[in-house]
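Survey of secondary and tertiary structure
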Amino acid sequence: MASEILTSITDRTKKAVESVAGEKDAKAADLARDTKDVHDPKNRITSDWGVRESNTDDWLKVASEEKTGPELLEDPFAREKIHRFDHERIPERVVHARGAGAFGTFRLLESAADVTSAGVLTDTSRETPLFLRFSTVLGSRGSADTVRDVRGFALKMYTKEGNWDIVGNNIPVFFIQDAMKFPDVIHAGKPEPHNEVPQAQTAHNNFWDFQFLHTEATHMFMWTQSDRAIPRSYRMMQGFGVNTYTLQNDKGERHFVKFIFTPELGVHSLVWDEALKLAGQDPDFHRKDLMEAIDNGAYPKWRFGIQVIPEHREDDFEFDILDATKVWPEEEVPIRYIGELELNRNVDEYFTQTEQIAYCTSHIVPGIGFSDDPLLQGRNFSYFDTQLSRLGVNWQELPINRPVCPVMNHNRDGAMRHTIMKGTVNYWPNRFSAVPPAKKEEGGYVDYPEKVAGIKARMRSKKFREHYNQAQLFYNSLSAPEKAHVAAALSFELDHCDDPVVYERMCERLLDIDIGLAREVAEKVGAENIPDMPKRQNHGKKAKGLSQMDYMPKEPTIATRRVAIIVGDGYDPVAYNGVKAALTAAQALPFTIGTKRSTIYAAGEDKSTGKGVKPDHHLEGMRSTMFDSVFIPGGAHVETLRKNGRALHWVREAFGHLKAIGATGEAVSFVKDACALPGVLFSSSGDVVESYGVVTASKVEPNSFKEAIKMAKGAKDFIDAYTFAISQHRNWDREMEGLSTMVAY
Ligand code: HEM
């Protein structure tokens, strides 16, 4: 098994090159040039200068069987091994240090030739290879995946005309309008300077001090306090370019544009208690989830959309369209979905690929341009600059960063230069006309002749000064559970601020958004003197696409959902096998969680002749937090589970985290007793009962299970009703009606 896994990992690049014809995966072919296979049996250890080594365990020393004497500095092999190790680390990214990435493909489904001449956005026959890196912003490289934070969504498309990077986030707006404030917002959010506490979270005085004083962050902090900042999976987040770019078509017309990626599986989050626990129980939860899905062939997909505003309409909006703290409401600027992004290959090596990838907002291709968005313009300077200290001046030559199209210019030298340039000149113009600039018809990038006239001043246009309308718009557009989560998140964060100035003032700021929210949070966090009147009337407007609920998949799906099936000796094999097969057929991932990991036998199975089932994990090794749903089949094992506090906790915790719970036969009363709640209904007469996402059937027969599932609300069939409950992600009624808070977990 282990060797199969190893083969599959080391063969990834090779397979990608072989299976995908020609230019389609030009990047995989390009990387193959620099890829070596550790598992080739012909391999032998050599020194870095190529000499085969016979012993890499013992430093050359003065020694005998009787006595171990001093080590000799002359040993070049030992010295090299230690030297290389001593210098393995490079600086982590100054922000977005923790991340995970994968390779994929961009397919254009509809040409956008009316607004751009970019090949990648006009040629529908192309498949463009890409690398996408997800990240958290504030934590260091070893921090946990599930912290409350913005997630990076950074994309490098290796197009035929050069690399196009969209360095985006999973939230469409940002904390600041002008790049010059970036060091301040990041310093305020990162651990405090005197004690380097806390790690990877904004629940501290400095962050909220800055949020109050820097009012343009108001809209963004509402997003970070919403469920968007605790995603269930990287595969279930939207991606936004955030900044305003421009597109230029063949006629020379310019349009403003925003880029949006919307996941096929819907936009889903963890609940906060789960996120907190996962940060300790499985800090790699998101990176493992991404890798697992791709390894299982469940390739994550996003629809790619553009919002376009023609140049002449730039001033038609209540907000400045160059202001990155504002969304372009879909009612005013519809999203045009024109492409599809798929991730389909895991990395071969983390460091050389995920760590060394270097994104730059300034990497654009002909047909795509910048706007005067003052955040974007500063970013264009910052990324290139930071790569210099993180990776060195020749970072663009690293395999993961180099384009798949020819790179040729008169840039030279610098530390660690790889490319060898033949020829006698390294400047332009030269007497040979060697390496001239490209004309437009040869694909040369031509800048848009934007008219600019003005005075030099450190200021922004007046529309940039409005900071609250869209914070209200966002809050108003959320569903009731999402609003409750915002209040709970703010209450948590401000509870961690011990300076009353900070939490008192922040509660006042909430009066600029919504009086109900302000009062709820103030009461929770002990902010005195919150007035009864709002500081600013809530305009009451809503927009679509801001609530995560707007992105539920049209057809219910449980693809890639992790389902724990809990068993002990004496479980009902009919229900176990039936549910497992049905889940697998629907592309969910069932895991058997035993009372122990050694073989477990079904009811009536003879231990001497039966095969039993070998669980994937035992109850103490995993927690309910790592699964989307829990199912317990009936059988005599239920008596064992009743005596196991951890089993009880699994059910209560899954209930508290609003997850679908399924039970059949004897397990029905176990779940009933575990939750012990009035109002939740359970099956008693053999009928299937669905109540607050708990689906039970007291009697099941072999014909109760089938692989052709019809997920539907109110389904009479156990598996149809149970899978529908899983597909809903979480049962919000359970929370809204106060049931989840009545269970201890
Ligand atoms: C619209 C607002 C912004 C978004 C969406 C954004 C997004 C990102 C993302 C996704 C990354 C991680 C890239 C990766 O995976 O390697 C990143 C890194 C970084 N960002 Fe930003 N960022 C924003 C604003 C800024 C600003 C204003 C600055 C500076 C003026 C900045 C400077 C940096 C730096 C220095 C890095 C580290 C890059 C590296 O070491 O490779 N960002 N940003």
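Rules and cut-offs
- Residues numbered from 1 in each chain as written.
- Predicted model: local features only at pLDDT ≥ 70, side-chain atom pairs only at ≥ 80, totals over all residues.
- Helix = DSSP H or I, 4+ residues; strand = E, 2+ residues; numbered from the N terminus.
- Rg over C-alpha atoms; globule rule 2.2 N^0.38 Å.
- Buried ≥ 20, exposed ≤ 12 C-beta atoms within 10 Å, placed from the backbone.
- Contact = placed C-beta atoms within 7 Å.
- Pairing = 2+ DSSP bridges.
- Near = placed C-beta within 6 Å.
- Nonpolar A, V, L, I, M, F, W, Y, C, P; charged D, E, K, R; others polar.
- Core = buried A, V, L, I, M, F, W, Y, C linked by C-beta atoms within 7 Å.
- Axes fitted to C-alpha atoms, helices over the stretch in contact; angles between N-to-C directions.
- Parallel < 35°, antiparallel > 145°, perpendicular 65-115°, else oblique.
- Left-handed = near helix turned anticlockwise from the far one by under 90°.
- Domains from an automatic or database assignment.
- UniProt positions renumbered as here; feature names shortened; annotations may be inferred.
- Arc of directions from axis to C-beta.

With that out of the way, let us pick up the overall build of the protein. Helix and strand counts for the protein stand at 21 helices and 19 strands. Since a compact globule built from 745 residues should have a radius of gyration of about 27 Å, the 29 Å found for the protein is in line with a globular shape. Here the C-alpha coordinates of the protein stretch approximately 90 × 85 × 55 Å along the principal axes. The burial tally for the protein puts 44% of its 745 residues in the buried class. The long-range share in the protein, meaning contacts at least 24 apart out of those at least 6 apart in sequence, stands at 73%.

Counting buried positions along strand β9 (residues 254–263) gives nine out of 10 residues, so the element sits mostly inside the fold. As paired elements, strand β7 (residues 239–240) and β9 share two bridges and run antiparallel to each other. Looking at β9, one finds that F240 is bridged to I260. With four bridges joining them, strand β8 (residues 245–248) and β9 adopt antiparallel strand pairing. Within the sheet, the bridge partner assigned to Y245 lies in β9 and is V257. Taken together, β8 and the strand that follows it, β9, pair antiparallel across an intervening segment of five residues, in which G252 is found at a positive phi of about 85°.

Here we come to the site of the ligand. With respect to spatial proximity, 29 residues lie near the ligand, and among them R93, H96, R133, G152 and S382 are the closest. The set of elements that each furnish at least two residues to the shell around the ligand consists of β4 (127–136), β5 (151–159), β6 (162–169) and α11 (374–390). If one sorts the elements of the shell around the ligand by residue count, α11 sits on top with eight residues. Here the residues of the shell around the ligand are counted per class, giving 14 nonpolar, 11 polar and four charged.

For the rest of this paragraph, the subject is the nonpolar core. Ranked by internal contacts, the top residues of the largest apolar core, which has 117 residues, are C507 and V521. By size, the runner-up hydrophobic cluster in this structure holds 59 residues, among which are I593, M626, V638 and A667.

A word on the packing of helix α18 (residues 645–656) against helix α19 (residues 667–675). Relative placement of two packed helices is described by the angle separating their axes and the distance separating the axes. At their nearest, the axes of α18 and α19 sit 9 Å apart, and the two run at 70° to each other. It follows that α18 is roughly perpendicular to α19 by the angle criterion. Here α18 and α19 pass one another in a crossing that is right-handed. In this structure, α18 uses L648, V651, R652 and F655 to contact α19, whose residues at the interface are V671, A674 and C675. Class assignment of the residues belonging to the contact of α18 with α19 gives a composition of six nonpolar, no polar and one charged.

Split into domains, the protein comes out as domain 1 (2–63 + 70–86), domain 2 (99–178 + 237–397) and domain 3 (555–742). Centre-to-centre, using C-alpha coordinates, domain 1 lies 45 Å away from domain 3.

In terms of backbone geometry, most residues other than glycine have negative phi values and most peptide bonds are trans. Going from V197 to P198, the amide bond is cis rather than trans, its omega being -5°. By the secondary structure assignment, P198 is in the loop between α5 (182–189) and α6 (205–213). Omega for the peptide link from W428 to P429 comes to 0°, which places this bond in the cis form. Residue E196 is not a glycine yet carries a positive backbone phi of 55°. Assignment of secondary structure puts E196 in the loop between α5 and α6.

This paragraph deals with the UniProt feature "domain: Catalase core" (unreviewed entry) in the protein. Mapped onto this numbering, the UniProt entry gives "domain: Catalase core" (unreviewed entry) at residues 46–436. End C-alpha to end C-alpha, residues 46–436 measures 43 Å, and it is 20% helix and 21% strand.

Taken together, seven strands build an open sheet; the order of strands is β15-β14-β13-β16-β17-β19-β18 and the sheet is mixed. Across the chains shown, the open sheet's two edge strands, defined by having one partner strand only, are β15 (617–618) and β18 (688–691). Direction of pairing for strand β14 (residues 589–594) relative to β15: parallel, over a ladder of two bridges. Considered in β15, the bridge of G594 is made with H618.

This part takes up the UniProt feature "active site" (unreviewed entry) in the protein. Here, the residues flagged by UniProt with the feature "active site" (unreviewed entry) are H96 and N169. Spanning 74 residues, the named residues nonetheless gather at one spot, since no C-alpha pair among them exceeds 10.4 Å. Following the sequence through the fold, H96 ends up in the loop between α4 (76–86) and β3 (99–108). A residue is classified by how many C-beta atoms lie within 10 Å of it, and H96, with 22 of them, is buried. In this view, H96 contacts S135, V137 and G152; residues no more than four positions away in its chain are not counted. Its location among the elements puts N169 in strand β6. In this structure N169 comes out as buried when scored by C-beta crowding, with 24 C-beta atoms within 10 Å. In this structure N169 touches V150, R151, G152, F153, F240 and V242, once residues within four positions along its chain are discounted.

This part is about the environment of N577. Positionally, N577 belongs in helix α16 (residues 573–585). N577 sits 319 residues away from K258 along the chain, and the two C-alpha atoms are 48 Å apart.

Here we take up α6. Among all positions of α6, only F207, W208, F210 and Q211 are buried. For α6, the angular spread of the buried residues around the axis is 155°, confining them to a single face. Against α5, α7 (218–224), α13 (480–495) and α14 (500–510) lie the buried residues of α6.

Relative to each other, α13 and helix α15 (residues 515–525) sit at 35°, their axes nearing to 9 Å. Helix-helix and strand crossings are classified by hand; for α13 and α15 the assignment is right-handed. Seen from α13, the contacting residues are V486, A487, L490, S491, L494 and D495; seen from α15, they are L517, E520, V521, K524 and V525.

The side chains of a regular strand alternate, first on one face of the sheet and then on the other. Here strand β19 (residues 694–697) shows no split at all, with V694 and T696 on one side and V695 and A697 on the other all buried. The pairing of strand β17 (residues 660–664) with β19 spans four bridges and is parallel. Residue pairing across strands places G662 opposite V695, the latter belonging to β19. Pairing geometry for β18 and β19, over four bridges, is antiparallel. The residue of β19 that forms the bridge with S691 is V694. Two successive antiparallel strands, β18 and β19, enclose a turn made up of two residues, where Y692 displays a positive phi of approximately 50°.

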